[in-house]
Amino acid sequence: VEDAPWWTRAVVYQVYPRSFADSDGDGVGDLRGVLDHVDHLSALGVDVVWLSPIYPSPQDDNGYDISDYQDVDPSFGTLADLDALLAALHERGMRLVMDLVVNHTSDEHPWFVESRASTESPKRDWYWWRPPRHGMAPGQPGAEPTNWRSFFSGPAWELDESTGEYYLHLFSRKQPDLNWENPEVRHAVYAMMRWWLDRGVDGFRMDVINLVSKDPALPDGPVRDGVLGDGSAAYTNGPRIHEFLAEMHREVFAGRPDRLLTVGEMPGVTVEHARLFTDPARAEVDMVFQFEHVGLDHGPGGKFDVRRLRLRDLKASFGRWQAELADVGWNSLYWNNHDQPRIVSRFGDDGAYRRESATMLGTVLHLHRGTPYVYQGEELGMTNARFDSLDDYRDIESLRHVAEARAHGHATDDELLDGLAAMSRDNARTPMQWDATEHAGFTTGTPWLPVHPNHVEVNAAAARADDRSVFHHYRRLIELRHTDPVVALGDFTMLLPDHEHVYAFTRSLDGDTLLVLGNFSGDEQDVAVDAGAGSTLVLGNYDDDAAPDADGRVRLRPWESQVRRVA
Ligand SMILES: O=C(CO[C@H]1O[C@H](CO)[C@@H](O)[C@H](O)[C@H]1O)[C@@H](O)[C@H](O)[C@H](O)CO
């Protein structure tokens, strides 16, 4: 227990600066706004703050398109503001993890400006440039070097008229992919990372880091619908990915104090690959963000073709990740981030049972074995936005999905609005709700994205003043992880794997066992769990203890959760 890494007992809080708190009234959140609210973070008890990108950027993808890695975008503040935030967090025993976005840069980054200047540019090979497909003219439909689809709809290649060549962009055309085959690129990235660590930051969340190694043959992908193909087999967990991450670890982290944390965001990562990425003996990353559970309600038409979650599928997925990373490696645990809709609206009930379902979902997640991540507003039970029109949306992924669907007549505007209402990333990006005033205390100006009208009830001031609130439940969950080693390191055992509505499991360490029960429905659920007999309630989300009887039978109320210490 003692020699377990510090982050096995830690909880990370994600700040999306654009929507957290605006200190200068321009309607966009900033670093001084975060500084103004560090007491909210220490009151919650979190150990680490992950800051989404604050670097200079044209903001084509809200900062995930960086034009200067070693400065702060003026809309967010200055390097001095960042140093002040870092100092304030360290004073309160918290750490700061930066967002590392090095699969791609902005097309306005000097590296790319130089690279696109001419085919002879010394930085030409810092990106993926290719001539049109054999025998085709530049700009001719289908002349793209591969048939790959971008994550943001449309082709993943953009023609550069001046040189007649195409460059690769897995995300927007203003996010050209760096060529990690080129050692100059890799070492420029490592130098930048060392620069930030020397400034005192405590680690990195690495954006789509398992996409940086591409198959240099750049093969086409299978075409499922329409003309574009799925190139993911050629760039997901690519041929040199483990070599690159091991090299990065040697060049950047080796020899540094173990107060650092690294987490790799890895779309399409398998549990088998995660065992390799997070095996401490291989010195690659501490943990990964995997996407299985946030894809369980995606229909055949993709993320905006929403299907009802089947609890059995969720238990099967989480159960496998718990089992496969039990003896080697480590899990991250998350429901929310700036790319996912609000969990209480997605898997819970954001109406009559908003508090109960938000606290149940938090309990079930935080009692798994792994490092929990709390996304801003999750600790308040914030819900999905309720935009009435497609014009209200700002997220590039959503807007390009609408444009493509309209172009191909795939869906009516009402169907598109339904899909976005459920799954758009903007659901996570509405301003943080600090109080009941006009703009929820987020800004004195006009917020860049509308504040949710329910901020009158759902806000930090009200939650802090109400001991039964989602906020205080999350505070207790975090305290439990800090104080009870069973929560951090106990073995995980899934119970009732086939139950349609109840999630149940135990955590055991040195003969000490916790039983966790979560009702994923708005109806009462009767279940029998042996471990329940004679157990004592450690943390519930109802005021009284509906304890199991002598045979372990218990009636769970709508969206009820219980953490019980087994006798
Ligand atoms: O996989 C990623 C990568 O997200 C990272 O990389 C993206 C490119 O940097 C960026 O847009 C995201 O904000 C960042 O978190 C997401 O695009 C995801 O597929 C999608 O949003 C889910 O619908």
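Refer to the preceding data block for the structure.
Let me begin by describing the structure that accompanies this report. In this text, all values refer to a predicted model and were calculated from it rather than measured experimentally.

Conventions we followed
- Residues numbered from 1 in each chain as written.
- Predicted model: local features only at pLDDT ≥ 70, side-chain atom pairs only at ≥ 80, totals over all residues.
- Heavy atoms only, no water.
- Pairing = 2+ DSSP bridges.
- Helix = DSSP H or I, 4+ residues; strand = E, 2+ residues; numbered from the N terminus.
- Near = heavy atom within 4 Å.
- Polar contact = N/O pair within 3.5 Å; in protein donor to acceptor, adjacent residues only side chain to side chain.
- Areas by Shrake-Rupley, 256 points an atom, 1.4 Å probe, with all protein chains shown as cover.
- Nonpolar A, V, L, I, M, F, W, Y, C, P; charged D, E, K, R; others polar.
- Phe/Tyr/Trp six-rings, centres within 6.5 Å; stacked < 30°, edge-to-face > 60°.
- Buried < 20%, exposed > 50% of the residue type's maximum accessible area, 1.4 Å probe, protein only.
- Lys NZ or Arg CZ within 6 Å of the ring centre and 35° of its normal.

1. Description of the sheet that holds strand β4 (residues 129–130)
Stage number 1. Spatial strand order, β4-β6-β5: three strands in an open sheet with antiparallel pairing. Among the strands making up the open sheet, the edge pair consists of β4 and β5 (157–160).
Stage number 2. Relative to strand β6 (residues 165–168), β4 runs antiparallel, the two being bridged by two bridges. From the neighbouring strand, tryptophan 129 faces β6, where its bridge partner is tyrosine 167.

2. Overview of the site of the ligand
Stage number 1. Neighbouring the ligand are 19 residues, the closest being Asp61, Asp207, Lys303, His338 and Asp339.
Stage number 2. Lysine 303 places a polar side-chain atom, nitrogen or oxygen, 2.5 Å from an oxygen atom of the ligand.
Stage number 3. Take histidine 338: an N or O atom from its side chain is 2.9 Å from an oxygen atom of the ligand.
Stage number 4. If the ligand stood free it would expose 480 Å²; the protein chains cover 94% of that surface.
Stage number 5. By residue class, the composition of the shell around the ligand is seven nonpolar, three polar and nine charged.

3. Brief notes about the packing of aromatic side chains
Stage number 1. For the structure on display, the rule yields 28 aromatic pairs.
Stage number 2. Note on tryptophan 180 and phenylalanine 244: the rings are 6.0 Å apart at their centroids and 45 degrees apart in plane angle, and the pair reads as tilted. Of the two residues, tryptophan 180 sits in the loop between β6 and α5 (183–198) while phenylalanine 244 sits in helix α7 (residues 241–253), which places them 64 residues apart along the sequence. Accessibility classification places tryptophan 180 together with phenylalanine 244 in one group, the buried group.
Stage number 3. Centre to centre, the rings of tyrosine 503 and phenylalanine 505 are 5.7 Å apart; their planes meet at 80 degrees, and the pair counts as edge-to-face.
Stage number 4. Judged by relative accessible area, tyrosine 503 falls into the buried class, the value being 0%.
Stage number 5. Members of the aromatic cluster, connected to one another through ring pairs, are Trp148, Phe151, Phe152, Phe171 and Tyr235.
Stage number 6. Across the ring face of tryptophan 448, the terminal group of arginine 18 is positioned such that the distance to the ring centre comes to 4.5 Å.

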